[in-house]
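# Architecture at a glance
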Amino acid sequence: MKMLESSLELKIQGRTARVGIIGLGYVGLPLAVEAAKAGFSVLGVDTDAVRAAGVNRGESHIADVHTQVVRRLVESERLAAAASYDALRGADVLIICVPTPLTKSKEPDLSYVVAAAKGCVPVLRRDCLVVLESTTYPGTTVEVVKPALEASGLRAGSDFHLAFSPERIDPGNKTHAFRDIPKIVGGLTPACTRAVQTFYEQIVKRVVVVSSPTVAEMAKVYENVFRNVNIALVNELTLLCNRMGVDVWEVIDAAATKPYGFMPFYPGPGVGGHCIPVDPYYLSAKAREYDFHARFIELAATVNDSMPYYVLSRVTGALGARGKTLRGARIMVLSPSLKIIQLLEKPGAVVTYHDPHVPSITLTSPGETIYSVPLTDETLSKVDCVILATDHSDIDYQRLLDKAPLIIDTRNRLRGNTNSHVVRL
Ligand SMILES: NC(=O)c1ccc[n+]([C@@H]2O[C@H](COP(=O)([O-])OP(=O)(O)OC[C@H]3O[C@@H](n4cnc5c(N)ncnc54)[C@H](O)[C@@H]3O)[C@@H](O)[C@H]2O)c1
């Protein structure tokens, strides 16, 4: 056994270990690039053949990953991609980075993780290391991934290494580089932990070892539940401040001057993105198996889910103050918040959106596709109201201030502006 461990570790340290990354999205592609930059030979597998082909042409489909970097790594034969798991034959390290969404009824959907684990079965080798990076409920690595991999006839912890290591990447964040974000690792056995620790030590500055995959899984969901609950708290405070006529943004700025024991969170039109609205449900679903109701999570969801309705009430109020109703009002949303668009369209508003990063969206009901309109003097002159739902940095805010007749600023992007046509959340 000792021989096996050290042979994998030696391969990793000597960069002769071959690395397979499963799922080349926001998590998988940056990881593949970092591993290749560190000197490993990396093969990415993605069931989306278009994505895989793009990588092989040296192209990046992820904004944070520069195409030049991908091209350089592909040309130097450090990085390649495929749409089939067959290409993973001979891999020493297999890292699963596939989606973990919710079903329609907001239950965990582990079908991608299960498919990835099953896909690994024919290519699983003695002494290899399998790591799950997808965010999921505590227990997934041991209860779901381990049995799926053991269909190979090999045993996790004795024939191959198994571990969980959550990804903490924050797409678009330019402050925290991949290498600087500490990586938590938890292996099935001490040998699994050493193997996973050795691997990540080659690509990040700090590896944090915990006692099991389940602790690592819980740490990741706790991080996201923490954010979700704190966003809900400040959202609730916003509703109260509005009723009391107090400026919540001023309150947060003042409280944030406390040098310890406080961390500012900001209100918004509802939580978005891949993680914060999804991951807490993974934990609350698992908790129910233990007859445990994760009340903070449920309460946070209740408050956060009510925010689009609150935005709607503020829009209705601001239009009303100008003698207008929602019915027939022409409203532009900056960034396509689907829920808000849906709520506006129901009573008859005519909604458009602008987003430099999202050329089109398909609404679930009635299933129509709408396209981003340009943010010009002309388009702004044709609307009654603009809802600033996301504070992208590449928006011409001066033009917005000059030309939009009414702005509902849900992000306090236009802070400091006292113009009466700007209404803050
Ligand atoms: N995006 C983030 O900011 C972020 C941060 C931390 C953790 N996570 C977690 O990481 C995981 C991946 O998220 P993401 O944002 O990279 O997702 P993504 O949708 O950007 O990418 C997932 C990729 O996996 C591919 N895929 C799906 N099923 C596959 C399969 N069976 N085999 C191979 N490839 C498959 C998809 O085609 C896609 O390219 C999720 O669990 C997510 O919660 C995401």
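Residues numbered from 1 in each chain as written. Predicted model: local features only at pLDDT ≥ 70, side-chain atom pairs only at ≥ 80, totals over all residues.

### Considering the site of the ligand
Close contacts around the ligand come from 27 residues, with Gly23, Gly25, Tyr26, Val27 and Ser134 the closest. Of the residues forming the shell around the ligand, the biggest block, four residues, is contributed by helix α5 (residues 111-120). The residue inventory of the shell around the ligand, partitioned by class, reads 14 nonpolar, nine polar and four charged. (Near = placed C-beta within 6 Å. Helix = DSSP H or I, 4+ residues; strand = E, 2+ residues; numbered from the N terminus. Nonpolar A, V, L, I, M, F, W, Y, C, P; charged D, E, K, R; others polar.)

### Some points on the pairing of strand β13 (residues 385-388)
Alternating residues of β13 divide into Cys385 and Ile387 and Val386 and Leu388, and every residue in both groups is buried. Both strand β9 (residues 330-334) and β13 contribute to a ladder of four bridges, which runs parallel. Considered in β13, the bridge of Ile331 is made with Cys385. Summarising the sheet, β13 and strand β14 (residues 407-409) pair through three bridges and their orientation is parallel. Paired with Val386 across the two strands is Ile407, which belongs to β14. (Buried ≥ 20, exposed ≤ 12 C-beta atoms within 10 Å, placed from the backbone. Pairing = 2+ DSSP bridges.)

### Some thoughts on the environment of Ala87
Counting through the fold element by element, Ala87 comes out in the loop between β3 (79-82) and β4 (93-96). Look at Ala87 and you get partly exposed, because 17 C-beta atoms sit within 10 Å. Separated by 67 residues in sequence, Ala87 and Gly20 place their C-alpha atoms 8.9 Å apart. For Ala87, the contacting residues outside a window of four places in its chain are Leu43, Val45 and Ala82. (Contact = placed C-beta atoms within 7 Å.)

### Some remarks on the domain arrangement of the protein
You can read the domains of the protein as domain 1 (2-211) and domain 2 (308-424). For domain 1 and domain 2, the distance between their C-alpha centres works out to 40 Å. (Domains from an automatic or database assignment.)

### Describing the packing of helix α10 (residues 279-289) against helix α11 (residues 295-321)
α11 packs onto α10 with a crossing angle of 140° between their chain directions and a minimal axis gap of 9 Å. The orientation of α10 with respect to α11, classified from their angle, is oblique. As α10 packs across α11, the resulting crossing turns out to be left-handed. Along its contact with α10, which presents Pro280, Leu283 and Ser284, the element α11 presents Ile297, Glu298, Ala300 and Ala301. The residue inventory of the contact of α10 with α11, partitioned by class, reads five nonpolar, one polar and one charged. (Axes fitted to C-alpha atoms, helices over the stretch in contact; angles between N-to-C directions. Parallel < 35°, antiparallel > 145°, perpendicular 65-115°, else oblique. Left-handed = near helix turned anticlockwise from the far one by under 90°.)

### Concerning the environment of Arg168
Within the element layout of this structure, Arg168 appears in the loop between β6 (161-164) and β7 (183-187). Put simply, Arg168 and Thr257 are 89 residues apart on the chain and 27 Å apart in space, counted from C-alpha to C-alpha.

### Observations regarding the sheet that holds β13
One open sheet holds the five strands; their spatial order is β10-β9-β13-β14-β15, and the pairing between them is parallel. The open sheet terminates on both sides in strands that have one partner only, identified here as β10 (350-354) and β15 (422-424). Sheet twist, expressed as the average angle between the axes of neighbouring strands with direction ignored, equals 20°. Looking at chain direction, β14 and β15 are connected through three bridges and run parallel. Its bridge partner being in β15, Ile408 is matched across the sheet by Val423. Each of β13, β14 and β15 is contacted by α11, which is oriented at about 150° to β13, the strand it contacts most.

### Observations concerning helix α2 (residues 28-37)
Of all 10 residues in α2, nine are buried; the element is thus mostly enclosed. Within α2 the residues assigned to the buried category are Gly28, Leu29, Pro30, Leu31, Ala32, Val33, Glu34, Ala35 and Ala36. On its buried face, α2 sits against β1 (18-22), β2 (41-45), α4 (67-75), β3 and β4. Looking one or two residues beyond α2, the residue adopting positive phi is Gly39, at roughly 110°.

### What to know about unusual backbone geometry
Within the chain, Arg15 stands out as a residue other than glycine whose phi angle is a positive 65°. Tracing the sequence through the fold places Arg15 in the loop between α1 (2-13) and β1.

### Details of α10
For α10, the complete set of buried residues consists of Asp279, Pro280, Tyr281, Tyr282, Leu283, Ser284 and Lys286. Where α10 is buried, its residues contact α8 (213-244) and α11.

### Concerning the pairing of β4
Burial along β4 is two-sided: the face carrying Val93 and Ile95 and the face carrying Leu94 and Ile96 are both buried. Relative to β4, β1 runs parallel, the two being bridged by four bridges. Bridged to Gly20 within β4 is Leu94. Relative to strand β5 (residues 129-132), β4 is paired through four bridges, and the arrangement is parallel. From the neighbouring strand, Ile95 faces β5, where its bridge partner is Val131. What joins β4 to β5 is α5, and the crossover it makes is right-handed. (Right-handed = clockwise from strand over helix to strand, strands pointing away.)

### Concerning the packing of α8 against α10
Relative to each other, α8 and α10 sit at 115°, their axes nearing to 8 Å. The orientation of α8 relative to α10 falls into the category roughly perpendicular. Considering only the axes of α8 and α10, their crossing is left-handed. Here α8 contributes Val221, Asn224, Val225 and Asn228 to the contact with α10, which in turn contributes Asp279, Pro280, Tyr282 and Leu283. Taken together, the residues of the contact of α8 with α10 break down into five nonpolar, two polar and one charged.

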